[in-house]
Amino acid sequence: MKRIVVSALLALFLVGTPGVVFAEGSSETVFRVSGMTCGMCAKAIERALEDVPGVESVAIDGDSGRVAVTAAGDVEATTLEAAIESAGGYEAELEEKQG
Ligand SMILES: [Cu+2]
């Protein structure tokens, strides 16, 4: 009986491990973007960022101009910045990068 409990715990640990490693390898980069005037702007920027390899999620606050990008692994801020600016007529300024 004790052995079953131990192997169940071990299985839990093994299953949980990739998630932990994954979280540690991810990064969050926040930009302050100017030039966004409507929801379509936010959509265009979101799509451009999602096309960058490694990008997992994009959160945009149109009012403050803050764009937060979560990526698996270390995606260069300059790469993300270029993607934002390629969406057309926007200027991105790096505000914060974690991971
Ligand atoms: Cu717009």
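The model shown is predicted, which means the values in this text are computed figures rather than measured ones.

1. Focus on the overall build of the protein chain
Point 1. Along the backbone of the protein chain there are three helices and four strands.
Point 2. Along the protein chain, helices and strands appear, N-terminal first, in the series α-β-α-β-β-α-β.
Point 3. Within the span of the protein chain, comprising 99 residues, buried residues form 22% of the whole.
Point 4. Restricting the contact set of the protein chain to residue pairs at least 6 apart, pairs at least 24 apart contribute 64%.

2. Let's talk about the pairing of strand β3 (residues 66-72)
For a regular strand, the rule is simple: side chains alternate between the two faces of the sheet.
Point 1. By the alternation rule, side chains of β3 split into V67, V69 and A71, which are all buried, and R66, A68, T70 and A72, of which none is buried.
Point 2. By the bridge criterion, six bridges tie strand β2 (residues 55-61) to β3 in an arrangement that is antiparallel. Residue D61 lies in a different strand from β3, and its bridge partner there is R66.

3. Here's the deal with the nonpolar core
Proteins that are soluble and globular tend to have nonpolar side chains buried together.
Point 1. In this structure, V33, I45, L49, V67, V69, I84 and Y90 are the most contacted members of the largest nonpolar core, which totals 19 residues.
Point 2. When contributions to this core are tallied by element, the ones reaching two or more residues are β1 (26-34), α2 (39-50), β2, β3 and α3 (77-86).
Point 3. Ignoring anything within four residues of it in the chain, the contact list for L49 reads V55, V58, V69, L80, A83 and I84.

4. A few points about the environment of F31
Point 1. Within the element layout of this structure, F31 appears in strand β1.
Point 2. Taking C-alpha positions, F31 is 8.0 Å from E81, a pair spaced 50 residues apart along the chain.
Point 3. Setting aside its immediate chain neighbours within four residues, F31 contacts V67, E81, I84, A92, E93, L94 and E95.

5. Looking at the environment of S26
Point 1. Counting through the fold element by element, S26 comes out in strand β1.
Point 2. S26 gets classed as partly exposed once you count the C-beta atoms within 10 Å, which come to 18.
Point 3. When the C-alpha atoms of S26 and E56 are compared, they prove to be 9.3 Å apart, with 30 residues separating the residues in sequence.
Point 4. Apart from the residues within four sequence positions on either side, S26 is in contact with T70, A71, A72 and G99.

6. Quick word on α3
Point 1. Residues of α3 that are buried include every one of L80, E81, A83 and I84, and no others. End-on view of α3: buried residues confined to an arc of 160 degrees, all on one side of the axis.
Point 2. Check the buried side of α3 and you find it contacts β1, α2, β3 and β4 (91-98).
Point 3. One or two residues past the end of α3 sits G88, with phi positive at roughly 110 degrees.

7. Points about the sheet that holds β4
Point 1. Spatial ordering of the open sheet is given by β2-β3-β1-β4, a layout of four strands whose pairing is antiparallel. Either end of the sheet is taken by a strand with one partner, and the two such strands are β2 and β4. Shown here is a sheet whose adjacent strand axes are inclined to one another by a mean of 20 degrees, direction ignored.
Point 2. Running over the sheet, α2 touches β1, β2 and β3 and is turned about 160 degrees from β2.
Point 3. Docked against the sheet, α3 engages β1, β3 and β4, running at close to 150 degrees with respect to β4.

About the thresholds
- Residues numbered from 1 in each chain as written.
- Predicted model: local features only at pLDDT ≥ 70, side-chain atom pairs only at ≥ 80, totals over all residues.
- Helix = DSSP H or I, 4+ residues; strand = E, 2+ residues; numbered from the N terminus.
- Buried ≥ 20, exposed ≤ 12 C-beta atoms within 10 Å, placed from the backbone.
- Contact = placed C-beta atoms within 7 Å.
- Pairing = 2+ DSSP bridges.
- Core = buried A, V, L, I, M, F, W, Y, C linked by C-beta atoms within 7 Å.
- Arc of directions from axis to C-beta.
- Axes fitted to C-alpha atoms, helices over the stretch in contact; angles between N-to-C directions.

Function cannot be inferred from these measures alone, as they are strictly geometric.
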